[in-house]
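Commentary on secondary and tertiary structure
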Amino acid sequence: TLDSTSKEVTYGDSITLKASVTSGTPQTVTWKSSNTAVTTVKDGVVTAMGKGTAKITASLPNGRSAVCTIKVTTKKLPTSGCSYASTAQYTGSAIIPTVTVKDGSKVLRQNIDYRVIVTNNVKIGHANITISGMGNYYGSYTAGFDIIPAKQTIQKLETRYKGFFVDWAQKGSATGYDVEYSVNANMSGAVSKHLTASKPDTLTVSGLAGDKTYYVRVRSYTNVNGKVYYGAWSDIKSIKTANNDIT
């Protein structure tokens, strides 16, 4: 006989069944599952492999046997093992982030163990993610990420008398731009110009030291309902100011 005739086990968990042999002679118990996609069994240890029902049979060499019916139920989708990028750059098209969900150390399979639905994911602002269990998992939870302006590009950087002229990529999604310049390549001590319009996408800086190298970078920003989303800075470019009027 077995210590139980029916059990309910959550997917991924294991239980141990105990067989009692009434014969005085020790006998070897053979274990078998009727559906290994639902349960596996070894030496009485039953592991839940997938939702459904299976029968575990313990047999003796003399032909006697006992059966326990195992019902495997779905597992709650873990919320602590989810990872995805917290920001994505604006492209003008719908952005679908790569979402990884883990159950402990096990990486779950998208569209088999869980599905992802993303909304509000075209314009700059906050996008919503809904992650829902499927297959052997149940439950859902929501998350999100920010869509930020695309990384800026300096298109032209020209010398001016004790200054410089900079032209960058005009972004239709931008509210404005930040321009920084510094005498240090690491941009420490940089002077910042905060431009509150998307046009023009150029700036002339004057009144600087002549015959000196300055380092310049630009970024876009967008104001959405009072929250400002900043894009990545452009690559830093350098320019040497003129010491004489070259106009």
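The text that follows walks through the structure, step by step, so that each part is easy to find. Quick caveat, the model's predicted, so the values are computed rather than measured.

The rules behind these values
Residues numbered from 1 in each chain as written. Predicted model: local features only at pLDDT ≥ 70, side-chain atom pairs only at ≥ 80, totals over all residues. Heavy atoms only, no water. Helix = DSSP H or I, 4+ residues; strand = E, 2+ residues; numbered from the N terminus. Rg over C-alpha atoms; globule rule 2.2 N^0.38 Å. Buried < 20%, exposed > 50% of the residue type's maximum accessible area, 1.4 Å probe, protein only. Contact = heavy atoms within 4.5 Å. Polar contact = N/O pair within 3.5 Å; in protein donor to acceptor, adjacent residues only side chain to side chain. Pairing = 2+ DSSP bridges. Axes fitted to C-alpha atoms, helices over the stretch in contact; angles between N-to-C directions. Salt bridge = Lys/Arg side-chain N within 4 Å of Asp/Glu carboxyl O. Phe/Tyr/Trp six-rings, centres within 6.5 Å; stacked < 30°, edge-to-face > 60°.

1. A look at the overall build of the protein chain
When helices and strands are counted, the protein chain shows zero helices and 24 strands. Since a compact globule built from 247 residues should have a radius of gyration of about 18 Å, the 33 Å found for the protein chain marks it as more spread out than a globular shape. Oriented by its inertia axes, the alpha-carbon framework of the protein chain measures out at about 110 × 35 × 20 Å. Taking all 247 residues of the protein chain together, 39% fall into the buried category. Long-range pairs, those at least 24 residues apart, make up 57% of the contacts in the protein chain with a sequence separation of at least 6.

2. What about the side chain of Glu180?
Here Glu180 lies in strand S19 (residues 176-182). Among the polar contacts listed, one links the side chain of Glu180 to the side chain of Arg217, at a separation of 2.9 Å. With residues near it in sequence (within four places) discarded, Glu180 still touches Met187, Ala190, Val191, Ser192, Tyr215, Val216, Arg217 and Trp233.

3. What about the sheet that holds strand S1 (residues 6-10)?
The four strands lie next to each other as S1-S7-S6-S3, forming an open sheet whose pairing is mixed. Among the strands making up the open sheet, the edge pair consists of S1 and strand S3 (30-33). Sheet twist, expressed as the mean angle between neighbouring strand axes with direction ignored, is 25°. The pairing of S3 with strand S6 (residues 52-59) spans four bridges and is antiparallel. Bridging from a neighbouring strand, Trp31 pairs with Ala58 of S6.

4. Quick notes on the environment of Asn121
Following the sequence through the fold, Asn121 ends up in the loop between strand S13 (114-119) and strand S14 (125-133). Residues Asn121 and Glu158, 37 residues apart in the sequence, show an inter-C-alpha distance of 38 Å. Sequence-distant contacts of Asn121, that is, excluding residues within four places in its chain, are made with Ser93, Ala94, Ile95, Ile96, Ala127 and Ile147.

5. Considering the pattern of salt bridges
Evaluated as defined, the whole model comprises eight salt bridges. A salt bridge links Arg160 to Glu158; its shortest N-O distance comes to 3.2 Å. A salt bridge links Arg219 to Asp178, with the shortest nitrogen-to-oxygen separation between them at 3.0 Å. Of this pair, Arg219 sits in strand S22 (residues 213-224) while Asp178 sits in strand S19; the two residues are 41 residues apart in sequence, bridging distant segments of the chain.

6. Comments concerning the sheet that holds strand S18 (residues 163-168)
Sheets are built from strands paired through backbone hydrogen bonds, the pairs being either parallel or antiparallel. Reading across the sheet, the three strands line up as S17-S18-S21 and stay open at both edges, with antiparallel pairing between neighbours. In this open sheet, the two strands that pair with only one neighbour each are strand S17 (154-160) and strand S21 (202-205). When the angles between neighbouring strand axes are averaged without regard to direction, this sheet yields 10°. In this structure, S18 lies alongside S21, joined through four bridges in antiparallel fashion. Bridge pairing links Asp167 to Thr202 in S21.

7. Notes on the packing of aromatic side chains
Enumeration according to the criterion identifies five aromatic pairs in this entry. Ring centres of Tyr11 and Tyr137 lie 5.5 Å apart, and the angle between their planes is 80°; this geometry places the pair in the edge-to-face category. Of this pair, Tyr11 sits in the loop between S1 and strand S2 (14-16) while Tyr137 sits in strand S15 (residues 137-138); the two residues are 126 residues apart in sequence, bridging distant segments of the chain. Here the two residues Tyr11 and Tyr137 agree in accessibility, since each one is buried. Relative to Tyr230, the ring of Tyr221 lies with its centre 6.0 Å away and its plane at 50°, an arrangement referred to as tilted.

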